[in-house]
Structures are given as structure tokens and as C-alpha cells.
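Observations on chain architecture
Now for the letters of each chain:
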Amino acid sequence: LQLGAIKNEKMEIVSHLAASISHEVRNPLTSVKGFLQLILEHRDIPDNCQQYASLALDETVRAADIINDYLTFAKPHPEVLVTLDIEKEILKCKEIIGPLALKNSVNMNMVFFHTTKIQGDPNKFRQVLLNICKNAIEAMPKGGTLSIVTTTNDNKTVVHIADTGQGMSPEHVARLGEPYFSLKEQKGTGLGMMVVFRIVEGMGGSVKVSSEEQFGTSIILSFPTAG
Ligand code: ADP
Ligand code: MG
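So, how was this worked out
- Each chain carries its own residue numbering, running from 1 in the direction its sequence is written.
- Written order decides the labels, with chains lettered from A and ligands numbered from 1.
- With pLDDT at 70 or above as the cut-off, local features in this predicted model cover only qualifying residues; side-chain atom pairs require 80 or more to be listed or tallied, and sums for whole chains, interfaces and linings still use all residues.
- Remark: hydrogens and water are excluded; side-chain values derive from all non-hydrogen atoms of the structure.
- Here a salt bridge means any side-chain nitrogen of Lys or Arg lying within 4 Å of a carboxyl oxygen belonging to Asp or Glu.
- To qualify as a helix, a DSSP run of H or I must reach at least 4 residues; to qualify as a strand, a run of E must reach at least 2; elements of each kind are numbered from the N terminus.
- Three exposure classes are used, based on accessible area relative to the maximum for each residue type with a 1.4 Å probe and protein chains only: buried under 20%, partly exposed in between, and exposed over 50%.
- Near, as used in this document, describes a residue that has one of its heavy atoms within 4 Å of the molecule or strand being considered.
- We define a polar contact as two N or O atoms separated by no more than 3.5 Å, with the added condition that, inside protein, one atom must be a possible hydrogen donor and the other a possible acceptor, whereas residues neighbouring each other in sequence contribute only through side-chain atom pairs.
- The method behind every accessible area is Shrake-Rupley, applied with a 1.4 Å probe, and residues are considered shielded solely by the protein chains displayed.
- Residue polarity follows a fixed list, in which Ala, Val, Leu, Ile, Met, Phe, Trp, Tyr, Cys and Pro are nonpolar, Asp, Glu, Lys and Arg are charged, and the others, Gly among them, are polar.

All right, on to the pattern of salt bridges then. All chains considered together, the criterion is met by six salt bridges. Between Lys-92 and Glu-89 there is a salt bridge, with the nearest N and O atoms lying 3.8 Å from each other. Taken together, the residues Lys-92 and Glu-89, both in helix H3 (residues 86–103) and three residues apart, mark about one turn of the helix. Judged by relative accessible area, Glu-89 falls into the buried class, the value being 5%. Ionic pairing is found between Glu-178 and Arg-175, a salt bridge with its closest N-O pair at 2.7 Å. By relative accessible area, Arg-175 is classed as partly exposed at 37%. Here the residues in one salt-bridge network are Glu-89, Lys-92 and Arg-126, joined through shared partners.

Right, dumping it as C-alpha cells:
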């Protein structure tokens, strides 16, 4: 029992540290990226320097992707457990992801059959929605529809997130959430879904995935309804 408590405390320290680091690292990373872009705008720099700057820029993008999949909303303070209004949280997610959807010709469609409340840390729940929606949009390079529907079922609150994208084979569905599993090569981190599974399980919820190649994917999140 005591060992368990020590382990929990260690986990707490590690996640607190990770959140603080991401918070502090994001700003300098953004300025490095900005200066590299400025260097690349100069046409009179030697070709090889142009190449080095371009590689360095790719690497800063990659570092930012890792932070984003892991810790977009992590704040350097301990976890807070509050009652979340599911509809409000989804609308906030729409605001954040909206510009990316627009850029990719993805239509966002929301239906709230029931507005219920669940228990959780708002920052972590936002990370879950964001990581799933980002994958959905990335799976529709030629545009499509991302729909989010909420319902209730007994004492569960269910959030159904579906896309009309490229879908996945059953083998790939089975590997979803495995750390570093990504089919996006340099563009993916393979951390997004691992974070989703971990947070949802921590909230006492579950994740179900069904997908059909060429037709799309749907992710069903189910949480205990609060109150
Ligand atoms: P990343 O997005 O960085 O690759 P994720 O853990 O978020 O990592 O996703 C892992 C892989 O699962 C993706 O590379 C992609 O191949 C697949 N995937 C996830 N969501 C979807 C989706 N909605 N449609 C199709 N494939 C998906
Ligand atoms: Mg992802």
C-alpha cells in the first residue's frame, strides 16, 4: 500500500514537471521558429545554410507537435476535479479546432441530444477532444464532415465523434493508443491517442473505436454522468 502511495506521488511529480516544462519551453520554441522563418526569407544566404535552416525549422515543428499532442492544456498546477458541462466543452473545442477544419474544408456538425455533466479536469478533457478532432481532420485531406453528437445512456454520458475520412484497417484500430504508433511518418507523434486513452480511463470512462477503410472512423467516449 505504501509503495503504491509513493508511486502515485512520483507520477504526480512527473506530470507536474512535464506540464511546467512544456509551458516554459513553448515560448522559446516559438521564437526559434520565427527567427528560422526570417532566415529562410533571405534569398542571399548560401544554399547549404538555407538547407540547414530548413531542417532546423522542421525539427522545431516536430518538437511543437509533441508538446501539443501531450500537453496543450496542461497547466503547471495539480489536477482539478470539477463538474464539466459537456456541451460547453465541445463548443470550446470547436472554437480551437475550427480554423484547422476550415483550412482543410472540413464541415463541423454538432448535435446535443442531452446536455449532461461529467466529472473531470477541464484541461485534460479538452486535450482528449482536441487530439481526437485533430486526427479526424487529418484523416480528411480532401475535406469532409466531422460530427460530434452527445447522448445519454442509463447513467452514462456518451460523446460520439465521427469523421468521413480514410478510415483504418482492423489491425490499425487494434494498435491505436500504442505509444509511437503513427502512420503519418514525420508528421505524426503517435502520442495523441495514447494520451486520449490514458485520460479517459483516469476519468472512469471508456473509448470505443469503429472504423472502415475509405468511409471513416467513429470514436465513442463514455463517461459516468455526474450528479
Ligand atoms: P498521430 O496523429 O501523431 O499519428 P495518434 O496517436 O493521434 O498519432 O494516432 C495514431 C494513428 O492512428 C494515426 O497516425 C493514424 O494513422 C491513425 N488514426 C487516428 N485517428 C484516425 C482517424 N480518425 N482516421 C484515420 N486514422 C486515424
Ligand atoms: Mg494525432
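So that's the structure; there's more coming.
So, on to the site of ligand 1. Surveying the vicinity of ligand 1 reveals 19 residues, the closest of which are Asn-135, Ser-182, Lys-184, Thr-189 and Met-193. Note that a nitrogen atom of ligand 1 is positioned 2.8 Å from one of the side-chain N or O atoms of Asp-163. Between ligand 1 and Thr-217 there is a distance of 3.3 Å, counted from a nitrogen atom to a side-chain nitrogen or oxygen. Contact with the protein chains covers 95% of the free accessible surface of ligand 1, which is 530 Å². Those elements that place two or more of their residues in the shell around ligand 1 are helix H4 (122–138) and helix H6 (192–202). Of the residues contributing to the shell around ligand 1, the split by class is eight nonpolar, eight polar and three charged.

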